[in-house]
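One letter stands for each residue in the lines below.
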Amino acid sequence: MRDRKSNFFKAVSSGFHLVVALGLVGILAFQTVNAAEISSVAPEKESFSAERLVRLNARMHGYVDQGSTAGVITLIARHGKIVHFDAYGKADLEAGTPMKTDSLFRMYSMTKPVTSTALLMLFEEGKFQLDDPLDKYFPEFKDLQVYVSGSGDQMKVEPPKRKPTVRDIFRHTAGFGYGFGQTPVDKMYQDAKVTQGSLQEMVSRLAKIPLLYQPGTRWVYSVSHDLQAALVERLSGMKFDAFVSSRIFKLLDMKDSTLGVPALDISRLTTSYGVKDGKLAASDKPATSSYKGVGGGSSLTSSARDYLRFAQMLANGGQLDGARLLAPGTVRLMSSNHLPDGVWMGMGDSSLNTGTGYGLGVSVLVDPVRRGNLGSKGEFGWSGAASTHLIIDPEKGIVAIFLTQKFPDDRVFYNEFITMVYQALMD
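Calculation notes
- Residues numbered from 1 in each chain as written.
- Predicted model: local features only at pLDDT ≥ 70, side-chain atom pairs only at ≥ 80, totals over all residues.
- Heavy atoms only, no water.
- Salt bridge = Lys/Arg side-chain N within 4 Å of Asp/Glu carboxyl O.
- Helix = DSSP H or I, 4+ residues; strand = E, 2+ residues; numbered from the N terminus.
- Buried < 20%, exposed > 50% of the residue type's maximum accessible area, 1.4 Å probe, protein only.
- Axes fitted to C-alpha atoms, helices over the stretch in contact; angles between N-to-C directions.
- Parallel < 35°, antiparallel > 145°, perpendicular 65-115°, else oblique.
- Left-handed = near helix turned anticlockwise from the far one by under 90°.
- Contact = heavy atoms within 4.5 Å.
- Nonpolar A, V, L, I, M, F, W, Y, C, P; charged D, E, K, R; others polar.
- Phe/Tyr/Trp six-rings, centres within 6.5 Å; stacked < 30°, edge-to-face > 60°.
- Pairing = 2+ DSSP bridges.

### Considerations on the pattern of salt bridges
One pass over the full model with this rule turns up 23 salt bridges. Where Glu416 meets Arg59, a salt bridge forms, and the shortest distance between an N and an O atom there is 2.8 Å. Taken together, the residues span a long stretch of sequence, with Glu416 in helix α12 (residues 411–423) and Arg59 in helix α2 (residues 50–65) at a distance of 357 residues. Put simply, Asp427 and Arg78 hold a salt bridge, and the shortest N to O gap is 2.9 Å. Taken together, the residues span a long stretch of sequence, with Asp427 in the segment after α12 and Arg78 in strand β3 (residues 71–78) at a distance of 349 residues. Overall, the relative accessible area of 47% leaves Asp427 in the partly exposed class. Salt bridges sharing partners connect three or more residues here, namely Glu37, Asp253, Arg305 and Asp306.

Right under this line is the structure:
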């Protein structure tokens, strides 16, 4: 009997992942990774037109041929089956390295849905409620003030009309910024180097800077997802990178995914490009990459294959190949619009109805007509600063991914990719 127990636990340690069963202290559940690859089928079997997918290739390849970007990958899956997977152009122009379907990309803000998934896993364990005030978990924030006017010694602040909540850091409505703007508060972010260093150091720095606006009144892109990562650390007792590695990447067999630059597969990492004097110029080379850190907002390196596995898990209602990360209801909650009435997602005026809301770490399409493009109500996803994009369409059963390496992001790519995906769908 002792030998049987020993052999059992050896099997567990080599083939199973330990997950604490929700709400049951001391009871252990084991999940195994069934690493079956997502299969490919002819497009017509899932109502995609092969002829119209040629249009998609022509348009996406055109970006490369006209010198707008170095290389592209496009991938479409429907009902859990790949109907289109294409790589074109170069991973590195100077070296002539071809783009391949397994090339690695700096996903930048496409890290955010992964971070939100991690925090929602802890939500399902009863670690917090969405409308808990942030200072319940970050006492550093108990004296936060809100910017009113002025700067320096003449700056005027006021108390928040309500405390920022956990829900606020999921949906960018807490009052935080990114430091990208020109306001006195943005200047304070820049001077404090808010996002440099550890997540705890970021929290300490933010506690000394006033909120940019009253919580819940605006949607402003911000460090909120880095705060989510800090909250993952406080609630789980694990470093953020260790949490996502053991409880997301390993369970989903995302073997190409890491936070920061991969040490082992750097030869597969694409070169990032900007534009200088009207031409593409390398801005971040793999061997000397500055893409580092373990933040929740922008640190993921991944491949199209891996990010499809993550996205397909969400499209499947929280599970893939026998590994369940979230309950279906949690995914529905995540992909619902959580923005207050009169607030919309937009990089400018968040009171302007763009047809797009924001859920718990993902954009949510509320009105395709307002957006002015094809798509389905309830479509969700997000983009990355190097012009990467994700679509998850629960109504149509579609997952679509666009990857390239042009920084900063080119929104023409996103909009045309969305159009070209849906024009090829025949139902």
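Moving on from the model shown.
### As for the packing of helix α6 (residues 199–206) against helix α7 (residues 224–236)
Running from amino to carboxyl end, α6 crosses α7 at an angle of 120°, the nearest separation of the two axes being 9 Å. The angle between the axes of α6 and α7 places the two elements in the oblique class. By crossing handedness, the relation of α6 to α7 is classed as left-handed. Contacts between α6 and α7 involve Leu199, Gln200, Met202, Val203 and Leu206 on the former and, on the latter, Asp226, Leu227, Ala229, Ala230, Glu233 and Arg234. Of the residues belonging to the contact of α6 with α7, the class tally is seven nonpolar, one polar and three charged.

### Here we look at the packing of aromatic side chains
Within the structure shown, the criterion is met by 16 aromatic pairs. For the pair Phe138 and Phe141, a centre-to-centre distance of 5.6 Å together with 50° between the ring planes defines the contact as tilted. Assigned by exposure class, Phe138 and Phe141 land together as buried. Relative to Tyr221, the ring of Trp219 has its centre 5.9 Å away and its plane inclined at 15°; by these criteria the two rings are stacked. With respect to class, Trp219 is no different from Tyr221; both count as buried.

### Looking at the sheet that holds strand β4 (residues 81–92)
Read across the sheet, eight strands follow the order β5-β4-β3-β19-β18-β17-β16-β15 without closing on themselves; strand pairing throughout is antiparallel. At either end of the open sheet lies a strand with only one pairing partner, and these are β5 (97–98) and β15 (356–358). When strand β18 (residues 388–393) meets strand β19 (residues 398–403), the two strands line up antiparallel, connected through five bridges. Residue Asp393 lies in a different strand from β19, and its bridge partner there is Ile398. Contacting β3, β4 and β19, α2 crosses the sheet at an angle of about 15° to β4. Helix α9 (residues 304–315) rests against β3, β4, β17 (380–384), β18 and β19 of the sheet, and its axis sits at about 150° to β19.

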